[in-house]
Amino acid sequence: MTESILRLTVNGALHTVVTSSHRTLLEVLRKDLDMTGTKHGCDLGECGACTVLVDSKPMLSCITLASQVEGREITTIEGLSDGPFPDELQTAFSELGAAQCGYCTPGMILSSRSLLDTNPDPTTDDINEALAGNLCRCTGYVAIISAVHLAATRTLGRAE
Amino acid sequence: MTSTSVMGGIVRRKEDPSLIQGKGAYVDDVKRTGELAAVFVRSPFAAATITSIDIEAAKAAPGVHAVYTADDVRHLGPNPAQVAVGTLRPLLADGAVKHVGEAVAMVVAENRYLAQDAADLVFVDYEPGEVVVDLKDAFADKVKVHGDASNILLTWHGHGWWEGVIDLPDPSPGIQEAKERDDTVTVSLEMVNQRLLPTAIEPRAVLADWNSGYGSVELWSSSQIPHAVAGAVGVTFGIPSNKVRVVAPEVGGGFGVKLNVYPDEILVCFASKELGRPVRWTETRREAGFASTQGRGWVGTATITGTADGKILGYELEAICDMGAYSHNFTVAVPLLGLFIAGGQYNFPTSYALHCVVTNTQTTDAYRGAGRPEAAYYLERIVDHFAREIGMDPADVRKANYWKPEDFPVQTAIGLTMDSGDYEKNLDALLDRVGYEDLKAKRDAARAEGRLLGLGLSTYVEVCGFGPSALAGLGFSWGAYGLPTAFNGSGVVRVQPDGTCTVTIGTGPSGQGHETTWAQIVSDGLGIAMDNIEVHHGDSVDLPMGIGTFGSRSIAVDGTATFEATARVRKKAAIIAGHLLEAAPEDIQFADGRAHVAGSPDRAVEWGQIAESAYQPHTLPEGVEGGLESSVVFSPPNATWPFGSHMALVEVDPETGDVDLLEYWATDDCGNVINPMIVDGQLHGGIAQGIAQALYEEAIYDDMGNLLTSSMANYTLPVSTSLPLFSLDRTVTPTDVNPLGVKGVGEAGTIGSAQTIVNAVVDAVAHLGVRHIDMPLRPKRVWQAIQDAKE
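Residues numbered from 1 in each chain as written. Chains lettered and ligands numbered in written order. Predicted model: local features only at pLDDT ≥ 70, side-chain atom pairs only at ≥ 80, totals over all residues. Heavy atoms only, no water.

Helix and strand counts for chain B come out as 20 helices and 28 strands. Computed over the C-alpha atoms, the radius of gyration of chain B is 27 Å, within 12% of the 28 Å expected from 2.2 N^0.38 for a compact globule of 791 residues. Judged by the C-alpha coordinates and their principal axes, chain B covers about 90 × 75 × 50 Å. Here chain B holds 791 residues, and the buried ones make up 65% of them. (Helix = DSSP H or I, 4+ residues; strand = E, 2+ residues; numbered from the N terminus. Rg over C-alpha atoms; globule rule 2.2 N^0.38 Å. Buried < 20%, exposed > 50% of the residue type's maximum accessible area, 1.4 Å probe, protein only.)

Dropping the structure here:
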């Protein structure tokens, strides 16, 4: 297997990784960088559990080669909170029971983050559309959608 | 419960701060030094004789440590965690394969890539045989799956289900008499309750590390039943249970698919023992389709006989239930669970015949609801159909046949006892909330304009909270086939020397929030803050016995064990606090992290002071032993019987057959509620899975036994745009079979929902002549039904 040297910017920090050229971003994150917050559900780009942000846009890390994202800003769930302070979405997910088994949660939160970054005041339809690539088997999406609304409301400083 | 109770209040989940940061450690997040990776070679045939297996090229491939076949593991026997009915599944296929995907060989290599490359070099010679997939063909024994044995493993009959213990008269002659009366109507529908893939988002994963020094093994497994897995590993390798540690860390969804002891769990232990290295196997998504169990798969005919005033005089269900190729943990018990709610919430004679039949497909086993969604589906579809045929409102027909509150305790159609229920009150609560009469008017007005609106109702009763130890005598307990477990609940409550509390429970949660709910029970009992209570679960060394999480059982059984253990700790703590405060123990009250004398809140000691004394026995009163903990094993006197009423409003597109689910309402009754957010979350997820069965999901096999829906791209799971926001409400009818008055809620939503949708869609098109459409109600099927009715 050919090895290559990759320079990846993950959560603001530059990592230099010597790894097999065929490795996906998901594998590099989990195996080379020991950042296991990003989950694998299908390895086929079907479930969304592996979603990370690349230059603020959601991307399926299981079908993205790590070498494709050199030089770009990669954000994983580990990088979303500001030190001990959780992101508004993380807080809202916790308050409303939007995580059950937690396996889809990192990807779900990152897709939601990308939505709110581009559309700070989404309708329910907007949220449904933005999360349609992230499968959840536990919640029926009800609490997740409510949590995204709640986070948006707080970010905008509106009354809850 | 104290007045400042955290019970029933809004309490955030203790699990979430970890999960929302991606810090939850699932099996694939646990690492061991020197891990090897396993990959399985799987059969491409649904029925074949294996004439030879050539593993030489694979063994010589780079990085390969071992290639195992049946010859290597035959001495371990078959997987011990199988109900001994029919043919047992060997750990690796032994001379024959019975379904596509059956594991034939295991390759262990330095990493997964090398293992997969080598697996492709294993050459298996198959002699393909005849395949049977169709349930009716299998029932007719047209092709036999296992040698000369009939495909019919057994038939569960309602009145005779527990031979020699419950002996009820056969209701069939009475039902036949009713059919022959001039004033009765008999209606019948043949319906399919299709195969489903449970589909947890986390695939199954296992990691074994055998320690040859201690002769012990540690196994991490994404399992709902770590203790049962430990039992099976111990039995297989002939080592005692205290040498086996099975850990189910965070589990990314279960829904029944992780409620089995799988051959791979045993095989990675074997490989680790042989090779002296930790061995990991992680299921691929495609393997999840044929290496893990599936659910449902019934074809049945439901029949109702009744009079024009809505009084039902008999209900009959005969169904062929697909077991798949082998009988696993609960495979043949799944129809039995359906039988347990035979007759549902109704007072009428009920006759059941459920045939458990093998086919050349992957094994079925429990999937959320396990037999009860199927039973509720047939019953509530045919009750609805009967109402339509006699021209009565479906709600009125149901009410005319309910058990009344004063009838309880009720002996069910198969001789079990339902302790409590108030079905009419529950249904009325739903009808009032949705504005039933207005909804019907809205539907009728739309229909007058040519729009196809439909209103669907289902009510249900479920049986859960297993279970009474007496059921072990039926073979319903794993204990009956050699595993060191039985159905009961375990809880250990320990106050630490610093006054914080550690709780250890015998459940195996996969997202149900047990750490939170159990902490609420303990916090309420001891007055210790939620933040100072840690709840441990899913580790077989923590407790001698734990049954795990399934069958909506955890809170009613293990929750009660913890409740009782809490009461015992409180009793002892009151003696110690009374000694410290020079007061009588019965005058001691607990709140806000301390104990005080009733009526004198200032005469108080902190929990830390009580615990400090408990762990320094010389400070204790005469005759009181050191320590402050209690361990309780609880066996409930009965199962629990939640119930509920669901309604859906749909609109069918007459041009395309597309179903738009506009509204969904549910009013459920799971007894007392400890954490409303968690209970609602369970209902949301359960309802979503029932709706998904009604509208989207189906495990499809071709005639050769190939699963055509083995990826998420072609097995249509609902996405966020597929579902409406559900509107929930509840009635509260506590059970008296446990002191918490709780019944369980994990499966209720699924049991109530699939037929609610089908009833709604049929209602939307019934005036066109449609009487039934089989699930999933994809546009083509609905459109076709409309076309067929026109002819």
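Glancing now at the overall build of chain A. Each helix and strand counted, chain A has 5 helices and 5 strands in total. Starting at the N terminus and ending at the C terminus, chain A contains elements arranged as β-β-α-β-β-β-α-α-α-α. For chain A, whose C-alpha radius of gyration is 16 Å, the value lies close to the compact-globule estimate of 15 Å for 160 residues. Taken over the C-alpha atoms alone, chain A extends approximately 55 × 30 × 25 Å along its principal axes. Across the 160 residues that make up chain A, the buried fraction comes to 57%.

A separate point is empty space enclosed by the protein. Residues and elements named next belong to chain B. If you walk through the whole model with that rule in mind, you get 11 cavities of 30 Å³ or more. Approximately 650 Å³ is the volume attributed to the largest cavity. Gln 512, Thr 549, Ser 552, Gln 682 and Gly 746 are the residues nearest the centre of the largest cavity, which is lined by 46 residues in total. For the lining of the largest cavity, the secondary-structure elements that each account for two or more residues are α10 (333–340), α15 (514–526), α16 (554–581) and α18 (676–695). Across the lining of the largest cavity, the residue classes break down as 22 nonpolar, 19 polar and 5 charged. (1 Å grid on protein atoms, 1.4 Å probe; cavity = no way out; pocket = protein on both sides within 12 Å on 5 of 7 lines; lining within 4 Å. Points joined across faces, edges and corners; volume = space filled by probe spheres on them. Nonpolar A, V, L, I, M, F, W, Y, C, P; charged D, E, K, R; others polar.)

Next up on the list: the interface of chain A and chain B. One frequent convention defines the size of an interface as the accessible area lost when the parts assemble. On the chain B side, the residues contacting the 46 residues of chain A number 49 residues. Note on chain A versus chain B: buried area summed over both sides is about 3900 Å², and carbon and sulfur give 59% of it. Summed over the shared surface of chain A and chain B, the result is 5 salt bridges. Here Glu 697 of chain B and Arg 137 of chain A are joined by a salt bridge, their closest N and O atoms 2.6 Å apart. Where chain A packs against chain B, one counts 30 residue pairs in polar contact (both at pLDDT 80 or more). For the side of chain A that touches chain B, the secondary-structure elements that each account for two or more residues are α1 (25–32), α2 (88–95), α3 (105–118), α4 (124–130) and α5 (142–155) of chain A. Broken down by element, the side of chain A that touches chain B gets its largest block of residues, 5 residues, from α2 of chain A. Grouping the amino acids of the side of chain A that touches chain B by side-chain chemistry returns 20 nonpolar, 16 polar and 10 charged. (Contact = heavy atoms within 4.5 Å. Buried area = accessible area lost by both parts, 1.4 Å probe. Salt bridge = Lys/Arg side-chain N within 4 Å of Asp/Glu carboxyl O. Polar contact = N/O pair within 3.5 Å; in protein donor to acceptor, adjacent residues only side chain to side chain.)

On to the sheet that holds strand β14 (residues 312–324) of chain B. All names here are of chain B. Pairing within the open sheet is mixed, and its 5 strands lie in the order β7-β15-β14-β13-β8. Looking at the sheet topology across the chains shown, the edges are occupied by β7 (152–157) and β8 (184–196). Ignoring strand direction, the axes of neighbouring strands in this sheet form an average angle of 10°. Relative to strand β13 (residues 295–307), β8 is paired through 12 bridges, and the arrangement is antiparallel. When the bridges of β13 are listed, Glu 190 appears paired with Thr 301. (Pairing = 2+ DSSP bridges. Axes fitted to C-alpha atoms, helices over the stretch in contact; angles between N-to-C directions.)

The element α1 of chain A is largely enclosed, with a buried count of 6 among its 8 residues. Within α1 of chain A the residues assigned to the buried category are Leu 25, Leu 26, Glu 27, Val 28, Leu 29 and Arg 30 of chain A. On its buried face, α1 of chain A is in contact with β1 (3–10), β2 (13–20), β3 (51–54) and β5 (73–75) of chain A together with α4 (112–119) of chain B. Asp 34 of chain A sits one or two positions beyond α1 of chain A and adopts a positive phi of about 55°.

Glancing now at a negative patch on the surface. Together, Asp 653, Glu 655, Asp 658 and Asp 660 of chain B give the surface a local cluster of negative charge. With respect to the helices and strands, the residue Asp 658 of chain B is situated in the loop between β26 (643–652) and β27 (659–669). (Patch = residues over 30% accessible without salt bridge, like charges linked within 9 Å, V, L, I, M, F, W, Y side chains within 5 Å. Areas by Shrake-Rupley, 256 points an atom, 1.4 Å probe, with all protein chains shown as cover. Lys, Arg positive; Asp, Glu negative; His and termini not counted. Charge placed at Lys NZ, Arg CZ, Asp CG, Glu CD.)

This part covers the packing of helix α11 (residues 372–390) of chain B against helix α12 (residues 394–401) of chain B. Residues and elements named next belong to chain B. Contact geometry of α11 with α12 gives a least axis separation of 9 Å together with a crossing angle of 115°. Considered as vectors, α11 and α12 are oriented roughly perpendicular to each other. Crossing hand, α11 versus α12: right-handed. Where α11 approaches α12, its residues Glu 380, Val 383, Asp 384, Phe 386, Ala 387 and Ile 390 are matched on the opposing element by Pro 394, Val 397 and Arg 398. (Parallel < 35°, antiparallel > 145°, perpendicular 65-115°, else oblique. Left-handed = near helix turned anticlockwise from the far one by under 90°.)

Okay, the domain arrangement of chain A next. Residues and elements named next belong to chain A. Each assigned domain of chain A is listed with its residue range as follows: domain 1 (3–79) and domain 2 (88–156). Each of domain 1 and domain 2 has a C-alpha centre, and the two are 21 Å apart. Opposite the 17 residues of domain 1 that make contact, domain 2 presents 12 residues. Of the roughly 1100 Å² buried between domain 1 and domain 2, counting both surfaces, carbon and sulfur atoms make up 62%. If you sort the residues of domain 1 by the area they bury against domain 2, Thr 51, Leu 53 and Ile 77 come out on top, with a joint share of 40%. At the boundary of domain 1 and domain 2, one finds 0 salt bridges. Counting across the interface, domain 1 meets domain 2 through 5 residue pairs in polar contact (both at pLDDT 80 or more). Mapped by element, the contributors of at least two residues to the side of domain 1 that touches domain 2 are β3 and β4 (57–60). Here the side of domain 1 that touches domain 2 takes 3 residues from β3, the largest share from any one element. (Domains from an automatic or database assignment.)

This paragraph deals with unusual backbone geometry. Residues and elements named next belong to chain B. The linkage connecting Phe 408 with the following residue, Pro 409, adopts the cis geometry, with an omega of 0°. With respect to the helices and strands, the residue Pro 409 is situated in the loop between α12 and β16 (410–411). Positive phi, close to 60°, is recorded for Thr 199, a residue that is not glycine. Structurally, Thr 199 can be placed in the loop between β8 and β9 (205–211).

Residue and element names in this part refer to chain B. Inspection of the secondary structure assignment puts Ala 228 in helix α7 (residues 226–237). Residue classification places Ala 228 among the buried residues on the basis of a relative accessible area of 2%. As a C-alpha pair, Ala 228 and Ser 540 span 312 residues in sequence and 8.7 Å in three-dimensional space.

Residue and element names in this part refer to chain A. You can see Thr 64 is positioned in the loop between β4 and β5. Reaching out from Thr 64, the side chain makes a polar contact with the backbone oxygen of Leu 60 at a distance of 2.7 Å. Those residues in contact with Thr 64, other than ones at most four positions away along the chain, are Thr 24, Leu 25, Met 59 and Val 69.

Attention now moves to the domain arrangement of chain B. All names here are of chain B. Taken domain by domain, chain B holds domain 1 (36–129 + 199–291), domain 2 (369–379 + 391–466 + 638–790) and domain 3 (488–634). Using only C-alpha atoms to locate each centre, domain 1 and domain 3 end up separated by 40 Å. Both sides of the domain 1 and domain 3 interface together cover about 1100 Å² of buried area, and 50% of this is carbon and sulfur. Per-residue buried area on domain 1 facing domain 3 is highest for Gln 224, His 227 and Arg 245; these three make up 48% of the total on that side. Counting across the interface, domain 1 meets domain 3 through 1 salt bridge. Between Asp 539 and Arg 245 there is a salt bridge, and its shortest N-O distance comes to 2.6 Å. The tally of links from domain 1 across to domain 3 stands at 8 residue pairs in polar contact (both at pLDDT 80 or more).

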